[in-house]
Amino acid sequence: MSASEQSPWALLGDGHAGLDAVGVRYTAHDGGLATLADPALVCVPLSPVSGTEDVTGAVHAETGRVLALLKEWLAEERFADSRLVFLTRGAVEAVPGEGVPDLVHASVWGLLRSAQSENPGRIVLADTDGTDASFRALSAVVASGESEVAVRGGSVLVPRLARAAVAADAGAEWDAEGTVLITGASGSLGGLFARHLVTEHGVRRLLLVSRRGEGAALSAELAGLGAEVSWAACDVADRDALAAVLKAVPAEHPLTAVVHTAGVLDDGVVGSLTAERLSAVLRPKVDAAWNLHELTQDLDLSAFVLFSSAAGVFGGAGQANYAAGNVFLDALAAHRRAQGLAATSLAWGLWAEAGGMGGGLDAEDVSRLGRGGVDAITAAEGVALFDAATSAEQALLVPVKLDLAALRAQAGSGMLPPLLSGLVRTPRTPRRRYHRCRYGRRSRAARAPHRALAGRAGRGTAGTGLRLRRRGPRLRRTGSGRPGTVVQRGRLRLADRRRAAQPARRRHRRPAARHPRLRLPDADGAGGVPEGRAVAGRRGGRTPAARRTGPPGEVARHLDARRRRPRPHHRAAPGTAGRLERGR
């Protein structure tokens, strides 16, 4: 799409040099959303934040600002049919090795991915490299319908999951003489991987950090396995407290690896989140990981493993704050790799372990995820995935257990998320053969596939709504913030938008002049179709003779004569007990 064909955007700000350079048309609004009337597309440019000393403070401030803007936009009815485009530069790693220069807005991407899941089709994420070729491609990107893109040198890249290949003889080196730091050690995952490192990788010295302090049972178990364990009651998000803990590590057993598993949950839809709830979830992710990075970047670490979540990759509905924190971890791993430092971010899927981040899910939530093709990871599967992931030379990996049969079923029905389209084969749609009847219209059998599709995707309540209610959990009343409810509502909204985009169906018949057999009788009654006879009708059926087309007056007289004609008497068949009354 050229600049001349593009409709003007509404830009929140006083201008954008990159869009001006390539002639993208927009109207600037520096007064916020209040100055907008009814725009079709609102562009929000987010300027890169780099070189700042207080990265964590900038993350909290910027995600809070975007959250406030997003809540205001979603609450306004006049923006119901508008799209919101967020434009960043260097907030994601689209090409391996390029790193993430703008770590601050990486968290914003996580927040907005969840907002996209709650509001399908209304939010677009676009990241550029700042070149003219990339800005020139933005108009076509927005018109493409993709919800998330990265443009590099004019080339448009979209995210898709792919299978990770790991060499059989590859493996991370865990120094038996060094000290391994594990955060969130009092949690179920912290204890699981502490045992795994001792039994499978020969680690003998563990520094376990937790805000709750020592876990006596875990200490006794690890000591029985031959490990030397030390605990520190510390909030890793407190830089000074963490620095004191790291300073106490003995020089003869220096720190050689870090495994950051800490995190908290506070789920809720975007409209229910506040700046305080956002910061509370960001702190053990963003602040803690950044402190670990800065305080250990001068050490010779063999492993720096960050436990992220698939909620940030997929954009978990009802988990915008959690997704924002985890996407920062993914970006930090890419940032460290670009600097030549060890780093791996593992975006874990659902865990079967009780007490983990999925411990708050009930049976209905787990069943919904299972129908969506996501199964829970057991402890044995988790440690195997951990070993494989830490062996791969990649910044971000997604250890998740997928039901490929369920994904193929989603692909067949057109409900497979684009992010998973590279993992299963999408069935080819058979070519339709339209059989034409006498009237030139498609027969009912030929239209059947189209009608079924329209019923599912285009008729909201009659088709899509009923099917979604039958297959998924029951929709709850307005105000429920459960992720399952948000997903179902979002699908219904998307179905309504698709229905609105469909053209109106033609319901008129073809003119009688093009069908000689349907001509009206002459004034003297000659010609036309004999009374009482029928002619071949549309769809291969039979149409009464009175159903003719012609001048409106003639048609009306024919129909009136048809109605006034006395109906034949009905008589009961011989041998029946009674007789029908005449004229009934």
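Everything discussed here concerns the structure shown above.
This is a predicted model, so every value here is computed, not measured.

Visitor: So what exactly am I meant to see when it comes to the sheet that holds strand β7 (residues 155–157) here?
Guide: The strands making up a sheet are joined through hydrogen bonds of the backbone, oriented either antiparallel or parallel. The seven strands are arranged β2-β1-β3-β4-β5-β6-β7 in an open sheet whose pairing can be described as mixed. A single partner strand is all that each edge strand has here, and the edge strands are β2 (26–29) and β7. The sheet shows a mean angle of 25° between the axes of neighbouring strands, direction not considered. Relative to strand β4 (residues 83–89), helix α2 (residues 55–75) is tilted by about 165°, and along the sheet it contacts β1 (9–12), β3 (41–45), β4 and β5 (123–128). Sitting on the sheet, helix α3 (residues 103–118) is in contact with β4, β5 and β6 (148–152), with an inclination near 155° to β5.

Visitor: Is there a simple way to think about the nonpolar core in this case?
Guide: The nonpolar side chains of a soluble globular protein tend to be buried with one another. In terms of nonpolar packing, the biggest core is built from 66 residues, with F86 and F328 touching the most fellow members. When neighbours within four sequence positions are excluded, F328 is seen to be in contact with V55, V59, L103, S107, V286 and W290.

Visitor: What is the right way to look at the packing of helix α8 (residues 239–247) against helix α9 (residues 275–296) in this model?
Guide: Two packed helices can be described by the angle between their axes and the distance between those axes. The N-to-C vectors of α8 and α9 enclose an angle of 45°; their axes lie 10 Å apart at closest approach. For the element pair α8 / α9, the angle class is oblique. Both α8 and α9 take part in a crossing whose hand is right-handed. Every residue of α9 that contacts α8 at R239, L242, A243 and L246 is listed here: N291, L292, E294, L295 and T296. The residue inventory of the contact of α8 with α9, partitioned by class, reads five nonpolar, two polar and two charged.

Visitor: I keep staring at the packing of aromatic side chains and nothing clicks. Help me out?
Guide: Each aromatic ring pair is described using two quantities: the centre-to-centre distance and the angle formed by the ring planes. A complete count under the given rule lists eight aromatic pairs for this structure. Arranged with centres 6.0 Å apart and planes meeting at 45°, the rings of F193 and W348 form a pair that is tilted. On the criterion of sequence distance, the pair formed by F193 in helix α6 (residues 188–201) and W348 in strand β13 (residues 344–348) is long-range, its members being 155 residues apart. W348 carries the same exposure label as F193, and that label is buried. By way of ring pairs, the aromatic residues W174, F193, F307, W348, W351 and F386 are connected into one cluster.

The rules behind these values
Per-chain numbering applies: the sequence of each chain, read as written, is numbered from 1 onward. Residues qualify for local features only when their pLDDT is at least 70, as the model is predicted, and side-chain atom pairs are given and counted only at 80 or more; totals for whole chains, interfaces and linings, by contrast, use all residues. Note that the side-chain values use all heavy atoms of the structure and ignore hydrogens as well as water. Strand pairing follows a simple DSSP-based rule, namely that at least 2 bridges must link the two strands. Counting from the N terminus, the helices are the DSSP runs of H or I reaching at least four residues and the strands are the DSSP runs of E reaching at least two. Where helices are involved, their axes are fitted lines through C-alpha atoms of the stretch in contact, as for all axes, and angles between N-to-C directions lie from 0 to 180°. Whether two residues touch is decided by their heavy atoms; if any such pair falls within 4.5 Å, the residues are in contact. Buried Ala, Val, Leu, Ile, Met, Phe, Trp, Tyr and Cys residues that are joined via side-chain atoms within 4.5 Å together make up what is termed a nonpolar core. Any residue under 20% of the maximum accessible area for its type is buried, any over 50% is exposed, and the rest in between are partly exposed; the area is computed with a 1.4 Å probe on protein chains only. Angle categories: roughly parallel below 35 degrees, roughly antiparallel above 145, roughly perpendicular from 65 to 115, and oblique for all the rest. Here a crossing is called left-handed whenever its near helix is offset anticlockwise from the far helix by less than a right angle, and right-handed whenever the offset is clockwise. Following the grouping adopted for this structure description, the nonpolar residues are Ala, Val, Leu, Ile, Met, Phe, Trp, Tyr, Cys and Pro, the charged ones are Asp, Glu, Lys and Arg, and the polar ones are all others, Gly among them. The aromatic pairing rule takes the rings of Phe, Tyr and Trp, using the six-membered ring of Trp, and pairs them if the centres are within 6.5 Å, calling planes under 30 degrees apart stacked, those over 60 edge-to-face and the rest tilted.

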